[in-house]
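Survey of secondary and tertiary structure
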Amino acid sequence: MEPDAQLVQSCVRGDGSAWETLVRRHTRRVYNLCYRFMGNSAAAEDLSQEVFLRIYRTIGSYRDEQGAFTTWLTSVTRNLLVDHYRRSRRDRLTDSMDDASSQVESKQAFGDSPDRLAQSAELGEQLQQALARLSPELREAVILRDLQEMEYREIQSVLQIPEGTVKSRINRGRIDLARILESMGVRRPSATGGPQR
């Protein structure tokens, strides 16, 4: 049995420390998914809290034989995001960025120069703005595959669509994202590793 499944069983039995461990273990994943979809750190924090409240209320319905806990958690998160999107369709958030410091969960080497850090932050903002311009269906497929690094079968389970549709959405999303980034003046990295402008 996977460690998360054991923690879930302990949570169902009322073990508060198991719940704290489960939340600590998955907070970053949930927040990153919410942030990538919303493009706003405050909204992502609020929605992350809603996700964990929903998880807490429904944790007894998780069954490890139906898949990994992270897949179930991602499904719950995605469903909440879709519900939120539908509720707020008319007054959806714009492309503005509230918190540049939380933009990309990139793993930067210690000691990166200030120029490289600034360039990385700028690229993160541009990526977030471009993601916001994708349709919700394409955006969630690209986020789950390329940013959350989920397998196709996991995405199929989360989105509840055939694997061929998953692959098609990811492909179309990547193409659209590249086109949007290019229209924003962001070029593919050059052979030296830096972006071309």
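Refer to the structure above for everything that follows.
Now for a quick tour of the structure. (Residues numbered from 1 in each chain as written. Predicted model: local features only at pLDDT ≥ 70, side-chain atom pairs only at ≥ 80, totals over all residues. Heavy atoms only, no water.)

So, about the overall build of the chain. When its secondary structure is counted, the chain shows eight helices and zero strands. Buried positions account for 42% of the 197 residues belonging to the chain. Partitioning the intrachain contacts of the chain with sequence separation of at least 6 by distance along the chain shows that 65% fall at a separation of at least 24. Of the accessible surface of the chain, which amounts to about 11,400 Å², a share of 47% is contributed by carbon and sulfur atoms. (Helix = DSSP H or I, 4+ residues; strand = E, 2+ residues; numbered from the N terminus. Buried < 20%, exposed > 50% of the residue type's maximum accessible area, 1.4 Å probe, protein only. Contact = heavy atoms within 4.5 Å. Areas by Shrake-Rupley, 256 points an atom, 1.4 Å probe, with all protein chains shown as cover.)

Right, let's talk about unusual backbone geometry for a bit. Its identity is not glycine, yet Glu149 carries a phi of approximately 55 degrees, on the positive side. Tracing the sequence through the fold places Glu149 in the loop between α6 (136–147) and α7 (152–159). On the basis of relative accessibility, which here comes to 63%, the residue Glu149 falls in the exposed class. One non-glycine residue, Gln160, lies in the positive phi region at around 55 degrees. Its location among the elements puts Gln160 in the loop between α7 and α8 (163–183).

Per the stated rule, a full pass over the model turns up one cavity of 30 Å³ or more. Empty space within the largest cavity amounts to approximately 60 Å³. What lines the largest cavity is Leu33, Phe37, Arg78, Leu81, Val82, Glu140, Ile143 and Leu144. Elements supplying a minimum of two residues to the lining of the largest cavity: α2 (16–38), α4 (69–87) and α6. For the lining of the largest cavity, a count of residues per class yields six nonpolar, no polar and two charged. (1 Å grid on protein atoms, 1.4 Å probe; cavity = no way out; pocket = protein on both sides within 12 Å on 5 of 7 lines; lining within 4 Å. Points joined across faces, edges and corners; volume = space filled by probe spheres on them. Nonpolar A, V, L, I, M, F, W, Y, C, P; charged D, E, K, R; others polar.)

Okay, α7 next. Taken as a whole, α7 has its buried residues at Glu154, Ile155, Val158 and Leu159. What you see down the axis of α7 is that its buried residues fit within an arc of 120 degrees, all on one side. Buried residues in α7 make contact with α4, α6 and α8. One or two positions beyond α7, positive phi appears at Gln160, with a value near 55 degrees. (Arc of directions from axis to C-beta.)

As a further point, take the pattern of salt bridges. As a working rule, side chains carrying opposite charge can pair if their charged atoms are close by. In total, this model carries six salt bridges according to the counting rule given. Between Arg78 and Glu140 there is a salt bridge whose closest N-O contact spans 3.1 Å. One end of the pair, Arg78, is in helix α4; the other, Glu140, is in helix α6, and 62 residues separate them in sequence. Look at Arg78 and you get buried, because its relative accessible area is 18%. (Salt bridge = Lys/Arg side-chain N within 4 Å of Asp/Glu carboxyl O.)

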